[in-house]
Amino acid sequence: MVINKTIAKKTASYLLQINAIKLNIQNPFKWSSGWNSPIYCDNRICLSFPKIRDFLANSIAEEIKKSVSGNFTIAGVATGAIGIGMLVANKLNAPFIYVRPEQKKHGKKNQIEGTLNKKEKVIVIEDLISTGKSSLNAVDAIQNKGAKVVFMIALFTYGFEIAKENFMRKNIELKTLSDYKNLIETAKDNSLINEDEIKSLINWRKNPENW
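Now for a quick tour of the structure.

Cut-offs applied
Residues numbered from 1 in each chain as written. Predicted model: local features only at pLDDT ≥ 70, side-chain atom pairs only at ≥ 80, totals over all residues. Heavy atoms only, no water. Salt bridge = Lys/Arg side-chain N within 4 Å of Asp/Glu carboxyl O. Helix = DSSP H or I, 4+ residues; strand = E, 2+ residues; numbered from the N terminus. Buried < 20%, exposed > 50% of the residue type's maximum accessible area, 1.4 Å probe, protein only. Pairing = 2+ DSSP bridges. Contact = heavy atoms within 4.5 Å. Axes fitted to C-alpha atoms, helices over the stretch in contact; angles between N-to-C directions.

As for the pattern of salt bridges
Inference 1: Scanning the entire structure with this criterion turns up 13 salt bridges.
Inference 2: With a closest N to O distance of 2.7 Å, D54 and K91 form a salt bridge. Placement of D54 in helix α2 (residues 50-67) and of K91 in helix α3 (residues 82-92) is noted, with a sequence separation of 37 residues between them.
Inference 3: A residue is classified by how much of its surface remains accessible, and D54, at 35% relative accessible area, is partly exposed.
Inference 4: Judged by its relative accessible area of 37%, K91 is partly exposed.
Inference 5: With its nearest N and O atoms 3.5 Å apart, the salt bridge here joins E63 to K66. Taken together, the residues span about one helical turn, with E63 and K66 both in helix α2 at a distance of three residues.
Inference 6: We classify K66 as exposed; its relative accessible area is 67%.
Inference 7: Beyond isolated ion pairs, a larger network of salt bridges with shared partners links K5, K9, K181, E185 and D189.

Structural notes on the sheet that holds strand β6 (residues 96-99)
Inference 1: Pairing is mixed in the open sheet, where six strands are placed in the order β7-β6-β5-β8-β9-β10. Each edge of the open sheet is held by one strand with a lone partner, namely β7 (112-113) and β10 (174-179).
Inference 2: Here two bridges tie β6 to β7, and the two strands are oriented antiparallel to one another. Paired with V99 across the strands is I112, a residue of β7.
Inference 3: Lying over the sheet, α2 contacts β5 (73-77), β8 (121-129), β9 (148-157) and β10, oriented at roughly 150 degrees with respect to β9.

Structure representation (C-alpha cells):
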C-alpha cells in the first residue's frame with residue numbers, strides 16, 4: 001500500500017519528470033520476460049538528481065522512523081536499490097547490507113554483502129515491484145540467516161495481483177511511495193495522457209501477459 005497520497009503523487013510526478021518512468025502506448029517496450037508493456041521504469045535514474053533522491057530517501061526514512069523502534073538494519077536489493085538504500089541507512093544512522101540475486105560463484109560466495117546478525121530486525125528497500133519474485137528472493141536470503149524482515153518498502157509498484165499474492169504467501173508487508181494508480185492520475189493531471197490512453201494502460205495492467 002502507498003504510505004501517503006501526497007507522497008505518492010509527488011513521487012509519480014518526479015519519476016515522470018526525469019523519465020525514470022516512460023509511457024509509450026503506440027510503441028510499447030519489450031520486457032525481459034517477453035511482455036509488451038506501455039510503461040518502462042528505471043528508478044536508478046533518480047540517483048542523478050540530488051533534490052529528487054533526497055525527497056525519496058527522506059520519505060522512506062520518515063516512514064521507517066514512524067514504524068520501527070529499536071535497532072535495525074537497512075537492506076538494499078541489488079542492484080537497483082543499493083543506492084537509495086544506502087542513502088536511507090545514512091539518514092537513519094543504521095547499518096546497511098545489500099542482497100544479490102544469488103550467491104557469487106567465487107571468493108566467499110556471499111549473497112548478502114555486509115554484516116547481518118541473527119535475530120536482527122531488517123527493513124528491505126526496493127526500487128520497483130513487478131511480480132515480487134526477485135524482491136522476495138532477497139527476503140528469503142535474509143531470513144535464512146536468522147534475521148527478521150519487518151517489512152519491505154519500495155519506490156514504485158505496478159500493483160499486479162500476482163505480486164500481492166506472492167507477498168501474502170510469504171507474510172511480508174509491502175509499503176510503497178507510489179503505485180500504478182497514482183502514476184496514471186498524475187500523468188492525466190499533467191496532460192501527459194488522454195482518456196483512450198488511460199483505458200489502454202488500465203487494460204494492460206489487468207492482463208500484461210497478453211496485451
